[in-house]
Amino acid sequence: MRPALQILAAGTVLAAAFPAPATAAAPATDAPNAAANNEVQRAPAPAWAKASEPLPVPENAGGPLFMRYQDVIVHVDAKGEQDYTGYRVRLLNSAALQMGNLALGWNPANGPTTVHTIKVYRNGEVIDVLAQAKFEVLRREDQLEAAKLDGMLTAVLHVPDLRVGDELEVAMTTTVSDPTLGRNVSGLLFLAPTPPPGRYRIELNWDKDRKPAYALTPDLAPAASVSADRVVLRMDNPPVRQPLKDAPPRLQWQRILEYSTFADWPAFSRQFAPLFTRAATLAPDSPLRKEAARIAAAHADPLERAAAALKLVQQDVRYIYVGLNGGNFTPAAADETWQRRFGDCKAKTALLLALLGELGIAAEPVIASTQGLDDGLAAHLPNAKLFDHVFVRARIGGKTYWLDGTLPPVSGPALDPVLPLRGVVPVTSEGSPILDIPWQPPTRPDEITLFDVDARAGFDKPAHITSTAIVRGLAGLQLQQQFSAVPPAQLLDAMRQRLTGDTWQTIEDVQWRYDEKAGASVLKVVGSGTVDWEGTGGGGHQLALAGGGFSPPEKRVRPPEQDQQAPWAQASNYSCYVTTLRVPTSTKPGEWTSKPGFNTRMFGRQYYRAFEFRDGAIRMVRGSRIEAREITAALARADNARIPDFDNSMAYVFHEPSDVKGRIFTGTKVPTTDEIDWLAPDVPCLPPAKAVP
């Protein structure tokens with residue numbers, strides 16, 4: 001079971017989650033200490049870690065367990081920090097017996113892990129588990145399939161003869177002395193949203209002259225007790241606190257104590273600068289100098305040179321995260337990475353910086369979070385564990401470009417980061433504050449689906465169908481990696497196996513390509529299939545065009561105990577569906593009608609649909625774009641009231657032979673799937689005029 005109290009700090013049980021930015025090269029560790037760090041040590045609990053008084057177990061205690069106490073303590077000293085976890089838990093039913101499967105994870109490069117006690121209390125008897133069992137230490141490379149080598153060790157112990165009704169007591173400390181951060185430490189202590197009933201304590205204490213800056217979320221203030229050398233938070237039976245529903249990430253922080261010895265964000269930035277400077281420094285005889293000279297000779301334009309250098313790093317150096325021997329924060333040297341031809345984002349960034357430096361292109365690393373922790377960064381204390389990625393920002397021709405060596409080699413320098421980032425930390429020798437990345441609605445659809453149905457042969461005949469899927473952004477790059485590894489013949493066979501059925505009767509051809517200029521994966525499927533015409537009587541027909549309808553938006557409502565004035569967040573998105581129906585030649589234009597188009601905006605999202613009948617083809621376009629990443633609570637309430645009036649009709653077209661006044665509801669010109677280049681920057685997926693409020 002996951003502990004209710006948790007630490008996010010370097011080298012703790014959760015380990016340092018930083019497979020990106022780095023720090024200075026780790027100094028050599030002497031062999032005796034390194035060997036000791038590889039084993040679980042035994043010792044009494046340190047003087048600064050006193051266990052809480054156990055909370056009595058209520059007679060009506062329910063659920064799988066009752067936490068008599070759980071303590072999580074971080075101690076900051078001259079060497080770094082020590083992280084203590086101790087708990088005593090009553091096992092109330094068999095579901096809690098898994099608590100006896102103990103697994104301790106730590107990075108030996110950062111220090112040892114020490115177990116103080118493992119005991120079982122049963123009917124007045126105290127059983128010392130460590131007297132009859134011991135930990136087995138394993139090298140835990142459990143993310144090899146994700147190309148990660150983190151150097152973590154895991155010690156496992158299965159408490160023998162554990163029974164329902166027993167109480168299990170465990171206490172341990174992990175020493176953290178990260179060689180790349182020097183004396184600086186930072187992290188988060190937090191209480192889970194749904195802890196089991198019981199007693200909990202979060203504590204941060206420090207030696208003299210090592211007091212870190214700390215901050216509490218407002219919900220922890222009533223539980224705080226502050227003295228000269230510690231801040232303690234005590235909570236008995238804390239209530240469940242679910243995250244604020246659909247709120248921006250910056251408002252999701254709750255029951256968190258953050259701490260840091262970095263003076264400020266510029267100091268944090270300066271800490272990493274010499275590491276990348278050193279890693280990007282090439283040897284006099286480095287082969288990378290020749291690679292840079294080759295690029296310079298082949299390209300005169302600086303942007304083309306940067307693109308060639310980026311492609312070299314992306315294409316010729318495979319991605320493997322390396323966190324061994326202090327490498328969790330430290331970038332490998334560019335020459336070393338080039339020699340072994342693999343590296344993580346830190347190594348690829350250093351390699352790219354070395355090449356750009358040889359080409360005379362000004363560039364710097366930027367540290368980023370891909371997990372949504374970058375919203376409102378400036379309001380938080382500097383903390384290395386908030387980040388998991390590093391890439392490059394370059395200045396070329398008076399413009400800023402972003403270059404990511406971990407992306408596929410079809411992703412070149414971009415004016416906007418490919419990742420959906422809100423803020424980054426530029427790594428500079430003078431130190432840089434948080435750099436906010438402004439957001440604006442996407443100008444090109446993330447996804448375009450083109451569906452061309454040629455039903456000219458008649459209502460009762462199979463139609464010739466062409467379907468094209470255009471996908472941009474990260475999803476498009478993922479498809480590029482997926483499809484580029486599949487030979488065309490295998491792709492055709494796979495699509496036949498997958499698609500042939502109710503709609504597709506035959507798959508004649510499948511073509512895939514990645515358009516680097518458009519930054520899009522393009523998958524085209526050609527074949528024949530049935531058209532799901534529905535009879536309407538009197539020889540009439542109706543058909544719902546693919547991709548033409550909208551489901552009503554969901555109501556924005558939060559539980560009454562949550563903040564009703566908080567804004568609502570939504571992920572950026574822009575989708576477009578284009579359907580062309582080439583109607584049976586036996587019909588006349590006046591015999592066709594359709595559902596109406598619409599053009600409205602709700603909850604900061606544009607909804608648009610338009611029809612046109614021209615040249616024997618019904619044309620439909622349906623676009624949807626998020627135009628506000630956050631909306632106010634007032635707007636959400638106003639649009640909640642509008643939901644009953646939302647037009648969620650499917651994109652029906654109707655053929656009525658007796659109706660000579662039929663028309664396709666339009667008002668705008670709609671191209672067919674093959675009349676324009678749908679990969680172009682400006683495609684008519686949204687109305688030409690401003691949306692109706």
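Calculation notes
Starting from 1, residues in each chain are numbered consecutively following that chain's sequence as written. Two thresholds apply to this predicted model, a pLDDT of at least 70 for residue-level local features and 80 or more for giving and counting side-chain atom pairs, whereas whole-chain, interface and lining totals are computed over all residues. Calculated side-chain values reflect all of the structure's heavy atoms, with hydrogen atoms and water omitted. In this description, strands pair whenever DSSP reports at least two bridges between them. By definition, any uninterrupted DSSP run of H or I lasting at least four residues is a helix, any uninterrupted run of E lasting at least two residues is a strand, and each is numbered from the N terminus. Residue contacts are defined here by distance: any two heavy atoms, one from each residue, within 4.5 Å place the two residues in contact. What qualifies as a polar contact is a pair of N or O atoms within 3.5 Å, subject to a donor-acceptor requirement within protein and to the restriction that residues adjacent in sequence count only when both atoms come from side chains. Burial status follows relative accessibility: with a 1.4 Å probe on protein chains alone, a residue under 20% of its type maximum counts as buried, one over 50% as exposed, and anything between as partly exposed. Throughout, an axis means a line fitted to C-alpha atoms (over the contacting stretch in the case of helices), and angles, computed between N-to-C directions, take values from 0 to 180 degrees. Put simply, a disulfide is two cysteine sulfurs that come within 2.5 Å. Any Phe, Tyr or Trp ring, taking Trp's six-membered ring, that has another such ring centre within 6.5 Å forms a pair; planes under 30 degrees apart are called stacked, those over 60 apart edge-to-face, and the others tilted. Any Lys NZ or Arg CZ found within 6 Å of a ring centre and within 35 degrees of that ring's normal is scored as a charge over the ring.

Asks: Any chance you could explain the sheet that holds strand S25 (residues 435-436) here in plain terms?
Replies: Within a sheet, neighbouring strands are paired by backbone hydrogen bonds and run either parallel or antiparallel to one another. One open sheet accounts for five strands, arranged S23-S22-S21-S24-S25; its pairing is antiparallel. Taken across any chain shown, the strands that pair with only one partner, and hence form the sheet edges, are strand S23 (399-403) and S25. One ladder, built from three bridges, connects strand S21 (residues 362-368) with strand S24 (residues 423-426); its direction is antiparallel. Its bridge partner being in S24, Ile-367 is matched across the sheet by Val-425.

Asks: Can you walk me through the environment of Tyr-652 in this structure?
Replies: With respect to the helices and strands, Tyr-652 occurs in strand S39 (residues 652-655). Spatially, the C-alpha atom of Tyr-652 lies 5.7 Å from that of Ser-594, the residues being 58 residues apart in sequence. Not counting residues up to four positions away in its chain, the partners in contact with Tyr-652 are Glu-534, Gln-542, Leu-543, Ala-544, Ser-594 and Lys-595. A polar side-chain atom of Tyr-652 sits 3.3 Å from a polar atom in the side chain of Glu-534.

Asks: I'm lost on unusual backbone geometry in this one. Help?
Replies: Glycine aside, residues mostly have negative phi angles, and peptide bonds mostly take the trans form. Of note in this structure, Asp-209 is not a glycine but carries a positive phi near 70°. Mapped onto the elements, Asp-209 comes out in the loop between strand S13 (198-206) and strand S14 (213-216). According to the relative accessible area criterion, Asp-209 is exposed, its value standing at 71%.

Asks: When you look at the sheet that holds strand S34 (residues 592-594) in this model, what are you seeing that I'm missing?
Replies: Sheet architecture is open: four strands sit in the order S30-S31-S39-S34, paired in antiparallel fashion. If you trace the sheet from one side to the other, it starts and ends with strand S30 (534-537) and S34, each paired once. On average, adjacent strands in this sheet sit at an angle of 25° to one another, irrespective of strand direction. Alignment of S34 against S39, held across three bridges, turns out to be antiparallel. Its bridge partner lying in S39, Thr-593 is registered against Phe-654.

Asks: Help me understand the state of the cysteines in this model?
Replies: Here, disulfide denotes a covalent bond that connects the sulfur atoms of two cysteines. Following the criterion strictly, the structure yields one disulfide and no others. A sulfur-sulfur separation of 2.1 Å characterises the disulfide bridge that pairs Cys-576 with Cys-685. Since a negative S-S torsion denotes a left-handed disulfide, the Cys-576-Cys-685 link at about -80° is left-handed. Here Cys-685 lies in the segment after S39 and Cys-576 lies in strand S33 (residues 574-582), a separation of 109 residues in the sequence. In terms of burial, Cys-576 and Cys-685 fall into one category: buried.

Asks: Where do I start with the packing of aromatic side chains in this structure?
Replies: A ring pair, where both rings are aromatic, is described by two values, the distance of the centres and the angle of the planes. Under the definition given, this model contains 16 aromatic pairs. Ring plane angle 40° and centroid distance 5.7 Å describe the contact between Phe-391 and Trp-402, whose orientation is recorded as tilted. Of the two residues, Phe-391 sits in strand S22 (residues 389-396) while Trp-402 sits in strand S23, which places them 11 residues apart along the sequence. Exposure class is identical for Phe-391 and Trp-402. Each is buried. In textbook terms, an aromatic cluster arises when at least three aromatic residues are bridged by ring pairs, as seen for Phe-262, Trp-265, Phe-268, Phe-272 and Phe-387. Seen from the ring of Trp-568, Arg-558 lies directly overhead, with NZ or CZ sitting 3.7 Å from the centre.

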